[in-house]
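# Remarks on the overall topology
Below are the chains, spelled out letter by letter.
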Amino acid sequence: MKCRKCGERALVTLRRHNASFCKEHFNEFFRRQVEKGIKDYKMFDWSDKIMVCISGGKDSLVLWYLLNDMGFDTTGMYINLGIGEYSQKSLEKVNNFAEKHNLKSIIVNLDELGHPIPLLESKVKRQVCAICGTAKRYYFNKTAYEGKFDVVATGHNLDDETARLLGNVLKWDPAYLSKMDPNLPEDGEFIKRKVKPLVRLTELEVGAFAFMNGIDYIKDECPKAVGATSMLYKNALNNLESEMPGTKHYFYNEFFRSAADKFKMEEVNTEMHTCAVCGLESFNEVCSFCRMLEKLK
Ligand code: FES
Ligand code: ZN
Ligand code: ZN
């Protein structure tokens, strides 16, 4: 197989684009997709202070690597969830990466704060991924607010987003379908803009980029994610994609072209409160995270 651009031996074949690339031209393709995502969805520019949410996995590290390489002002933000060896290993990857590339990072340690995920899981009667999601959202928002960041970037890729879209479509849930945009505007003072610059790239493409550029990431999945429904949706979409290359891309883009507008929610003027416990902006008297922590008492 030869590179579509230069005719040299190709290292990657992208069936959905009907193209193969050598390392140099795959990198060029990849970068262009990220630039296009940022530009098309008007995510941010060089004057913005960007907080990149890092897990130690390939997506977030690739995103951090590229945004930094493109000259954006980035700080990585990692939450140590306190999930045994998985958290230890991922923290190690994040620290090594930040050091190697001389990057700024902020680490929040749930163990030190007294509420690691396994403890919350034992006390709160909800699915562990939902508990973890609430904790992560809270600390992402809090850190971005306190650090005066303009925008919060996450490494969600096309596979993540199409799996989420499929899940929301199967339930026809308008509230969730209205939140699919890879550039979600800020909400009040506390909740900053959230963007997903890797949304034009598949998991496989992100993995290939990490491999070719020597990005060392944690390969294990979170042990708590075993059996998550999102994996079911990803597998279903992978089956479709292998029979019909381009399905994910089409499904996702057509949603925004033909359907997303129909799910736009009316602007509801919800009265904002100050959380009586943590003092941050909240939809209720006590924010959902502090209500969860009350269960530990
Ligand atoms: Fe949150 Fe696994 S990453 S439960
Ligand atoms: Zn080439
Ligand atoms: Zn609170």
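So, here's what we can say about the structure. Keep in mind that this is a model prediction, so the values were computed, not measured.

So, how was this worked out
Residues numbered from 1 in each chain as written. Chains lettered and ligands numbered in written order. Predicted model: local features only at pLDDT ≥ 70, side-chain atom pairs only at ≥ 80, totals over all residues. Heavy atoms only, no water. Axes fitted to C-alpha atoms, helices over the stretch in contact; angles between N-to-C directions. Helix = DSSP H or I, 4+ residues; strand = E, 2+ residues; numbered from the N terminus. Parallel < 35°, antiparallel > 145°, perpendicular 65-115°, else oblique. Left-handed = near helix turned anticlockwise from the far one by under 90°. Contact = heavy atoms within 4.5 Å. Donors = N, O, S within 2.8 Å, 3.2 Å for Na, K, Ca; no water. Tetrahedral: all angles 85-135°; square planar, octahedral: opposite > 155°, others 65-115°. Expected span 1.5 Å × (residues − 1). Buried < 20%, exposed > 50% of the residue type's maximum accessible area, 1.4 Å probe, protein only.

## Re the packing of helix α2 (residues 58-69) against helix α8 (residues 203-212)
Relative orientation of the contacting elements α2 and α8 amounts to 60°, with a least axis distance of 10 Å. Looking at the two axes, α2 sits oblique to α8. Here the hand of the crossing between α2 and α8 comes out left-handed. On α8, the residues touching Lys58, Asp59, Val62, Tyr65 and Leu66 of α2 are Glu203, Val206, Gly207, Phe209 and Ala210.

## A short note on the coordination of the zinc ion (ligand 2)
The protein atoms that coordinate the zinc ion (ligand 2) are Cys3 (SG), Cys6 (SG), Cys22 (SG) and His25 (ND1), at distances of 2.1 to 2.3 Å. The site at the zinc ion (ligand 2) holds 4 donor atoms, and with the angles between them running 96 to 114°, its shape is tetrahedral. On the primary sequence, the residues serving as donors to the zinc ion (ligand 2) are separated as C-x2-C-x15-C-x2-H. Of this pair, Cys6 sits in the segment before β1 (12-14) while His25 sits in helix α1 (residues 23-40), and the two are 19 residues apart along the sequence.

## With respect to helix α5 (residues 128-146)
Here α5 spans 27 Å end to end across 19 residues, near enough to the 27 Å set by a 1.5 Å rise per residue. All of the buried residues in α5 are Val128, Ile131, Cys132, Gly133, Thr134, Ala135, Tyr138, Tyr139, Phe140, Asn141, Thr143 and Ala144. The positive-phi residue at the C-terminal boundary of α5 is Lys148, with phi of around 55°.

## Looking at the coordination of the zinc ion (ligand 3)
The protein atoms that coordinate the zinc ion (ligand 3) are Cys275 (SG), Cys278 (SG), Cys287 (SG) and Cys290 (SG), at distances spanning 2.3 Å. Viewed at the metal, the 4 donor atoms of the zinc ion (ligand 3) are separated by angles of 101 to 121°, and the geometry they form is tetrahedral.

## Focus on unusual backbone geometry
Negative phi values dominate among residues other than glycine, just as trans dominates among peptide bonds. At Asn18, a position not held by glycine, the phi torsion is positive, near 50°. Inspection of the secondary structure assignment puts Asn18 in the loop between β1 and β2 (19-21). Backbone geometry places Asn102, a non-glycine residue, at a positive phi of 55°. Mapped onto the elements of the fold, Asn102 is located in the loop between α3 (84-101) and β5 (104-109).

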